[in-house]
Each structure stands twice: as structure tokens, then as C-alpha cells.
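Structural features, examined
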Amino acid sequence: MIECKGKIAVLTSGGDAPGMNAAVRAVVRTGIAKGYEVFGVRRGYNGILNKEMELLTFHDVSEKLQHGGTFLFTARSAEFGKEEGKQKAAEICREFGIDTLVVIGGDGSFKGARDLSKYGVNVIGIPGTIDLDIAYTEYTIGFDTAVNTAMEAIDRLRETSNSHERCSVVEVMGRSAGYIALWCGIANGAEGILLPEKFNNDYEQLIEVIKKNRESGMTHQVIVNAEGIGHSHSLAKRIEEATGIETRATILGHLQRGGSPTARDRVYASVMGSYAVDIIDQGKKNRLVGYKDGSVYDVDIKEAFEMQKGIDDYEYKVANILGTRSEYKKV
């Protein structure tokens, strides 16, 4: 009989991302294997405040990693956003005897974890967001599935656009980050890619590119528009009025969050989840797990928030050479 080393709680917070379940599964099973009791917190930080915690067994996380979403659920908490809420959450963690809280989520979730650590709760973060917008890590759980889902949808839209000789404006998710749009732009051979980090609102230049493409004999075109720019329907209307080309807008929306995780998301989530327990076992405190240079690693949570991240200039250059042949440079 392995003596209990301590109690770990794990929660998912913020927007759901395919692969979160695999990460939870890895935390639970690795934790149990190393002699910890692992509690699942339902509905994110709100679940702590409502004491929605239950001890999870090895079998409780069976048949979970192949499903998208999060079986622990996720929710926003206005109460936790206040200092009194964070203090209350810390007190409840101590009441349950929780030694470490593992938070799987994005930038907002990590800010909550950082703030909670100020009240004495040891936190370990695992990046789970389709947006890929967390600076300290080269990979976030859910991005691969989301971008593949969007890519397949855009492939289908291109086929119908070709049949009708249309221009398609396709809006993909990503909040204020353009990583999904950039990857889809390259993977789908888009004729235009609008990224918050690069686009300078020169729509006239975009329209001229579309006109020249049609004059050169291109029967259909795809413009990938990032969520951070938005206004896809009005953009489609503007293009059609300026070019005479029938233009339709499609907003892919939350379908990018759902679906069975890809092998990459399952594997990376599993490795990150196990690594989180490893560093807990090593006695590390207030760390974020990530990928860097092809390997899993961890970084101090305060140090991570000082890092910055941007669109890869070379990837953006390649996208334009292969697609639009014209760069939209941010002023």
C-alpha cells in the first residue's frame, strides 16, 4: 500500500480545447501512480468556490482522452475575479487539504492561478487553448485539432466556391491572435490572410489583389479572416460591391473547439499532464508546463508572464508568397 504523499486538485478553465481530457487523465493516473490523491474540480474556479471537488480514481478517467471538450466542465466566475473570491478559493483549498492545484487553460486561467498563488496555494499550469497565444510555450493543447478542423472546413468551402466562381471570406477563431488564420492560410492555399498582428486595415489593397487574381484567370478565391479582425459579413459585402464577384462569408465559430482530438493533441496533453505531476513530486512550486525546442519543460509563473510572443515573420512571408503575393504590413 503506497502511503499518500498529498492531495492534488485539477481543473479546466476558460474556453474548452480538444485534448483537455487527455491532460486531466494524465494528471490523475500519474498522480495515483506516484502516491497522490487526485481530486477533480468541476466548472473551473467556480467549482472551487462551490466546493465541487471529488476524489478521482484510475477508472474515473477511462474512455475520456478520445473526446473533445472537458468532462470536468468549464465556467466563468465573477466571484473569483474579485480579491475576496480568490482569498475564499485559497481557504477552501486548505480546507480540503489540497497541496497543489493543477490548472489547465489559457492566459486568463493562468492569471487566476498566479493570483491564487499569492494566497499560498501552489499552482501548476498546463496550456490548454486553441489560440496558441501563450508566450512561454511553442505549443498549446487544442491548437492542432482546431486548425485541422478549420482546414478541412475551408477545403470544403473552396470546392463549392469553385463551382460558383465565388470569393469566400472565412473567419476562424483565435481571439486577438492570428495563429489559426496563418496556419489555415498556408495549409489551404488562401489568396488572402488577414491577421490582427499584421493587417493595417488597407482593405483597398486586398480588393485590388482579388481583382488582379480574377483578371489573371482565377475562378475562385479564399480569404482567411482572423477573429481578431472580424466583420466578415460586411467585408464580403464590400468585396462584392467593389469587384462584382459574388462573395460569401462563413464564420466557422465554435465548431473549431469540438471534435475528437488529433494524435498530437492527445500525446502532448498526456505528456504535459504527467510532467506536471513529476514537477509536483520534485517539490517545485508555481510553475507552468510548456513545450520549447521540441521538449517539455517548466518555467516560473511570474517569469512566464514577462515573456512576449508574435507571429513568425518568415511563416507570414511564405504565406504571402504562396498565396496573395502581397504583404499586408501592420503600420
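The paragraphs below set out a description of the structure included in this document.

1. So, the pairing of strand β11 (residues 295-300)
Put simply, side chains in a regular strand alternate between the two faces of the sheet. Where strand β10 (residues 287-292) and β11 come together, six bridges link them in antiparallel fashion. Paired with G290 across the strands is Y297, a residue of β11.

2. As for the environment of I98
Examined against the element boundaries, I98 turns out to sit in the loop between α3 (83-95) and β4 (100-105). I98 gets classed as buried once you look at its relative accessible area, which sits at 9%. The sequence separation of I98 and F39 amounts to 59 residues, and the corresponding C-alpha distance is 8.6 Å. Excluding anything up to four places from it in sequence, I98 contacts K7, A9, F39, M53 and C93.

3. With respect to α3
The end-to-end C-alpha distance of α3, which contains 13 residues, comes to 18 Å, matching closely the 18 Å that a straight helix rising 1.5 Å per residue would cover. For α3, the set of buried residues is G85, K86, A89, A90, I92 and C93. One side of α3 carries all its buried residues, which in axial view fall inside an arc of 160°. Pointing more than 90 degrees away from the buried face of α3 are the exposed residues E84 and E95. Buried residues along α3 sit in contact with α2 (44-49), β3 (53-55) and α4 (107-117). Immediately beyond the C-terminal end of α3, within one or two residues, lies G97, with a positive phi of roughly 75°.

4. Considering helix α5 (residues 143-164)
Look at α5: 31 Å from first C-alpha to last across 22 residues, which is about the 32 Å you get at 1.5 Å a residue. Among all positions of α5, only F143, D144, T145, A146, V147, A150, A153, I154, L157, R158 and S161 are buried. Buried residues in α5 make contact with β6 (167-172), α6 (179-187), β8 (221-226), β9 (247-251) and α9 (263-281).

Conventions adopted
Residues numbered from 1 in each chain as written. Predicted model: local features only at pLDDT ≥ 70, side-chain atom pairs only at ≥ 80, totals over all residues. Heavy atoms only, no water. Pairing = 2+ DSSP bridges. Helix = DSSP H or I, 4+ residues; strand = E, 2+ residues; numbered from the N terminus. Buried < 20%, exposed > 50% of the residue type's maximum accessible area, 1.4 Å probe, protein only. Contact = heavy atoms within 4.5 Å. Expected span 1.5 Å × (residues − 1). Arc of directions from axis to C-beta.

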